[in-house]
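Here are the chains, one letter per residue:
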Amino acid sequence: VQLPFRQGAICAHGGIMLDATRSLDLDWQAHMTEVLADYQERLPNLSQATLEIGKALGISLRGWVVAEHGLQHYVVTKHNESSDEVLNTVLAEVQARGLLDGMHIHANSNNLAFLPVGLSKRLAVEEWLRRDRQINGERPVLGFGDSITDLGFMDACHMWATPARSQLAKLVERCL
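Residues numbered from 1 in each chain as written. Predicted model: local features only at pLDDT ≥ 70, side-chain atom pairs only at ≥ 80, totals over all residues. Heavy atoms only, no water.

> Give a description of the packing of helix α2 (residues 42–56) against helix α3 (residues 86–96) that names residues and reports values.
For the pair α2 and α3, interaxial distance at closest approach is 10 Å and the crossing angle is 120°. It follows from the interaxial angle that α2 and α3 lie oblique. For α2 against α3, the interelement crossing comes out right-handed. For the pair α2 and α3, contact is made by L46, T50, I53 and G54 and by V90, E93 and V94, respectively. When its residues are assigned to classes, the contact of α2 with α3 shows four nonpolar, two polar and one charged. (Axes fitted to C-alpha atoms, helices over the stretch in contact; angles between N-to-C directions. Helix = DSSP H or I, 4+ residues; strand = E, 2+ residues; numbered from the N terminus. Parallel < 35°, antiparallel > 145°, perpendicular 65-115°, else oblique. Left-handed = near helix turned anticlockwise from the far one by under 90°. Contact = heavy atoms within 4.5 Å. Nonpolar A, V, L, I, M, F, W, Y, C, P; charged D, E, K, R; others polar.)

Right under this line is the structure:
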């Protein structure tokens, strides 16, 4: 993304806020440290278990825990196969083993992510907007996103847009 983001940015599915100088927002970091405390040991174990499930199923996977500024946020798994459908097989087995309590799932093409409850683009945007309203009052908010996980924060905006052929655009097409 090549936008200037002069006021800062929200990153890592809402786990990180950067201020206008691109410095870490320490208040949000403290909040997320508390929210994600119970997941710090669990996320690496979940990533490893997911990779082992893939291996047992004969599916070549790669995966990691997304971590920023010393805090682990969520698990990402991708396949090395020819079809994104293999991730559905892996997901079904991870769910069958009960490994996703307290987590929500984001799946988009070759991206399967397991995110802790409390890690949310929407919650981060709501906090961002609360702070902005204190300084600037109410003003129009535009939201841009391409995946289903963006709908939460986009709902907090007055107007939103999505690229053609994005996951969101495909969802809207199926509903028409």
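> Describe the pattern of salt bridges, listing the residues and the values that go with them.
Going through the model one piece at a time under the given rule, you end up with eight salt bridges. Linking D155 and R122 is a salt bridge whose minimum nitrogen-to-oxygen distance equals 3.1 Å. Here the residue D155 occupies a position in the loop between α5 (151–154) and β8 (159–161), and R122 occupies one in helix α4 (residues 121–136), the gap between them amounting to 33 residues. With a relative accessible area of 29%, R122 lands in the partly exposed category. Residues joined in a network through salt bridges with shared partners are D25, E127, R130 and R131. (Salt bridge = Lys/Arg side-chain N within 4 Å of Asp/Glu carboxyl O. Buried < 20%, exposed > 50% of the residue type's maximum accessible area, 1.4 Å probe, protein only.)

> Tell me about α2, and name the residues and values.
Here α2 spans 21 Å end to end across 15 residues, near enough to the 21 Å set by a 1.5 Å rise per residue. Within the sequence span of α2, burial applies to L43, L46, S47, T50, I53 and G54. Viewed along the axis of α2, the buried residues span an arc of 125°, placing them on a single side of the element. Exposed side chains of α2 directed beyond 90 degrees from the buried face belong to K55 and A56. Remark: G58 follows α2 within two positions and exhibits a positive phi of approximately 75°. (Expected span 1.5 Å × (residues − 1). Arc of directions from axis to C-beta.)

> Got a sec to walk through the environment of G118? Specific residues and values, please.
Checked against the element boundaries, G118 lands in the loop between β6 (112–116) and α4. With a relative accessible area of 23%, G118 lands in the partly exposed category. When the C-alpha positions of G118 and H104 are compared, they lie 9.6 Å apart, and in sequence the two are 14 residues distant. Residues contacting G118, with those up to four places away along its chain left out, are M32, V35 and L123.

> Hey, could you go over a nonpolar patch on the surface for me, with residue numbers and the actual values?
A surface patch of nonpolar side chains, about 480 Å² in accessible area, is lined by I148, L151, W160, V172 and L176. Along the chain, L176 turns up in the segment after α6 (167–175). (Patch = residues over 30% accessible without salt bridge, like charges linked within 9 Å, V, L, I, M, F, W, Y side chains within 5 Å. Areas by Shrake-Rupley, 256 points an atom, 1.4 Å probe, with all protein chains shown as cover.)

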